[in-house]
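For reference, the chains in residue letters:
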Amino acid sequence: MRGLTRRSLIPKVAVAATAVTMLALAGCSSGGSGNDAVNQNLDARGPITYVEGKDTTADRVVDKLIAQWNATHPNETVTFHEQSNDADQQHDDLVQHLQAKSSDYDVMALDVTWTAEFAAKGWLQPFKDSFALDESKLLPATVKSGTYENTLYAAPKNTNGALLFYRKDLVPTAPSTWSQMMGDCAVAKQHNIGCYAGQYANYEGLTVNTAEAINANGGSFVGPDGRTPTVNTPQAKAGLSWLVDGFKNGDIPKQAIGWQEPESQNAFTDGNLMFLRNWPNVYENANSASSKVKGKFGVAPLPGVDGPGASTLGGYNVAINVNSKHKATALDFVKYLQSAEAQKMIALSSLPPVMTAMYDDPQVIAQMPYMPELKLTLEHAVPRPVTPFYPAVSKAIRDNAFAALQGQKSVDQAISDMQAGISSATS
């Protein structure tokens, strides 16, 4: 996945199975059991360091959040350690510090796919017992994304979900199901443009698009243990068939096999595509002066089988380093990031918040008019496979899906090989 650009909301994922990642995964243990550090420094207070990838919001919202905290906590100040804009570099930087049992990083922003890996290694302070959080006001899918083996290890901070952008001048009413959308493709053909596309190049975006199709049909990839493969089912085959059939019959343009987010966005904003699956940042670009569809498009949740589909989640969750020296302060800072005050600041910086009430806030909707549709999308969202072996699992998913989209494998064979690949990755 590409990193965040100005106001871009594309989820960032470390997908390279680097040497550091492999070392981090070696000998995974369960959720920090037996880790003495979990019970240390629980009541300790003092200055802490917050770590997050490069803040590319226009108003530098992380700086604003920390300044607000520091103004009222002079003895428990937060220092912002800003990482690079590259997700793999962020991931490996955290691994190096956590593996060394360093206490330099107290609170860390984690991509939603890293939680299981870090929790399995015993690197994260679990949010339970005296550290339990009240997540009742948050979108349930975001809470699930920070949960591993029924324990919350990473608290939702900001999220993201995919939307369907559609040409309302050609199709006045957005399709609510996949079959309705495919039925509308005749309109696209009449206007000599492509019908539907997402991101199908062989990279993390294809894992995301494949997961959305399979999850929408009731399929899954791994069991609750994060290890047992569960993808070889009729539901998963039905989901992958959506995409394979789309390429076969031309409803998905053949050139989309090489598209990532920018190429698919350009196809839509240049007026060459009727339906687009992409992230909310497309809204601003499609509404710009250079867009050929300005004023001609609408936004809706992704279509599913009988209603809204199953968007993949992006965004950041925040976790506490199990070796932090000031865990009481760290916990209070995490709670602050989930407060209404902080969530409002996050939302007004054009990052989707995790607090449900923000999606009905008039000031937020004025900033991001697609918020009601995004709320519905996030209410049906599904995290990517929660597993300590995510990079290898993602590769098994996208490699086999890519072969099926190219016609090199049947759907049945691709799903069977995907199951085998996941089994190999998690064993």
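That block above? That's the structure.
(A) Quick look at the state of the cysteines. Across all of its chains, the model carries one disulfide by this definition. The disulfide partner of Cys-185 is Cys-195, and the gap between their sulfur atoms is 2.0 Å. When the S-S torsion is -75°, as for the bridge of Cys-185 with Cys-195, the disulfide is left-handed. Taken together, the residues Cys-185 in helix H7 (residues 185–190) and Cys-195 in strand S8 (residues 194–197) connect sequence positions 10 residues apart. For Cys-195, a relative accessible area of 3% corresponds to the buried category.

(B) Seen up close, empty space enclosed by the protein. One pass over the full model with this rule turns up four cavities of 30 Å³ or more. No other element matches the four residues that helix H8 (residues 204–216) contributes to the lining of the second largest cavity.

(C) Just the sheet that holds strand S6 (residues 155–160), in detail. The five strands are arranged S2-S1-S3-S11-S6 in an open sheet whose pairing can be described as mixed. Two strands bound the open sheet, and with one partner strand each, they are strand S2 (78–82) and S6. Taken pair by pair, the neighbouring strands of this sheet meet at an average axis angle of 20°, ignoring direction. Two elements, strand S3 (residues 107–111) and strand S11 (residues 314–320), share five bridges in a ladder whose sense is antiparallel. Opposite Asp-111, over in S11, you have Tyr-316 as the bridge partner. Along the sheet face, helix H2 (residues 61–72) touches strand S1 (48–52) and S2 and points at about 165° away from the line of S2.

(D) Structural detail: helix H3 (residues 87–99). Between the first and last C-alpha of H3 there are 18 Å, a value that for 13 residues agrees with the 18 Å anticipated at 1.5 Å per step. Here H3 starts with a cap whose side-chain oxygen sits 3.1 Å from the backbone nitrogen of Asp-88, and that cap is Asp-86. Downstream of H3 by a residue or two, Lys-101 has a phi angle that is positive, lying close to 60°.

(E) Representation of the pairing of S11 within the structure. With seven of seven residues buried, S11 is to be regarded as a mostly interior element. Side-chain alternation along S11 places Gly-314, Tyr-316, Val-318 and Ile-320 on one buried face and Gly-315, Asn-317 and Ala-319 on a second face that is also buried. One ladder, built from five bridges, connects S6 with S11; its direction is antiparallel. Bridged to Asn-158 within S11 is Tyr-316.

(F) Highlighting the environment of Ser-136. Looking at the secondary structure, you find Ser-136 in the loop between helix H4 (115–120) and helix H5 (140–145). Residue class for Ser-136 comes out exposed when judged on its relative accessible area of 61%. For the pair Ser-136 and Thr-356, spaced 220 residues apart in sequence, the C-alpha to C-alpha distance is 9.4 Å. A polar contact is formed between the side chain of Ser-136 and the side chain of Asp-134, at a distance of 2.7 Å.

(G) Geometry of the sheet that holds strand S9 (residues 273–278). In spatial order, the strands read S8-S9-S7-S10; together these four strands make up an open sheet with mixed pairing. Edge strands, defined here as strands with exactly one partner in the open sheet, are S8 and strand S10 (297–300). Neighbour-to-neighbour, the strand axes of the sheet open up by a mean angle of 15°, direction not taken into account. As defined by bridge partners, S8 adjoins S9 across three bridges and the pair is classed as parallel. Of the residues in S9, the one forming a bridge with Ala-197 is Leu-276. Relative to S9, helix H10 (residues 261–269) is tilted by about 150°, and along the sheet it contacts strand S7 (163–167), S9 and S10.

(H) Fine view of unusual backbone geometry. One non-glycine residue with positive phi stands out, namely Asp-129, at about 55°. Mapped onto the elements, Asp-129 comes out in the loop between H4 and H5. Asp-129 gets classed as exposed once you look at its relative accessible area, which sits at 68%. Phi at Asn-192 takes a positive value of approximately 60°, unusual for a residue other than glycine.

(I) How the structure looks around the packing of helix H9 (residues 234–249) against helix H17 (residues 411–426). It is at 10 Å that the axes of H9 and H17 come closest, and there the two elements cross at 125°. If you check the angle between H9 and H17, you find them oblique. Read as a crossing pair, H9 and H17 show a hand that is right-handed. Residues Ala-236, Lys-237, Leu-240, Ser-241 and Val-244 of H9 lie in contact with H17, whose contacting residues are Val-411, Asp-412, Ala-414 and Ile-415.

Thresholds applied
- Residues numbered from 1 in each chain as written.
- Predicted model: local features only at pLDDT ≥ 70, side-chain atom pairs only at ≥ 80, totals over all residues.
- Heavy atoms only, no water.
- Disulfide = S-S within 2.5 Å.
- Helix = DSSP H or I, 4+ residues; strand = E, 2+ residues; numbered from the N terminus.
- Buried < 20%, exposed > 50% of the residue type's maximum accessible area, 1.4 Å probe, protein only.
- 1 Å grid on protein atoms, 1.4 Å probe; cavity = no way out; pocket = protein on both sides within 12 Å on 5 of 7 lines; lining within 4 Å.
- Points joined across faces, edges and corners; volume = space filled by probe spheres on them.
- Pairing = 2+ DSSP bridges.
- Axes fitted to C-alpha atoms, helices over the stretch in contact; angles between N-to-C directions.
- Contact = heavy atoms within 4.5 Å.
- Expected span 1.5 Å × (residues − 1).
- Polar contact = N/O pair within 3.5 Å; in protein donor to acceptor, adjacent residues only side chain to side chain.
- Parallel < 35°, antiparallel > 145°, perpendicular 65-115°, else oblique.
- Left-handed = near helix turned anticlockwise from the far one by under 90°.

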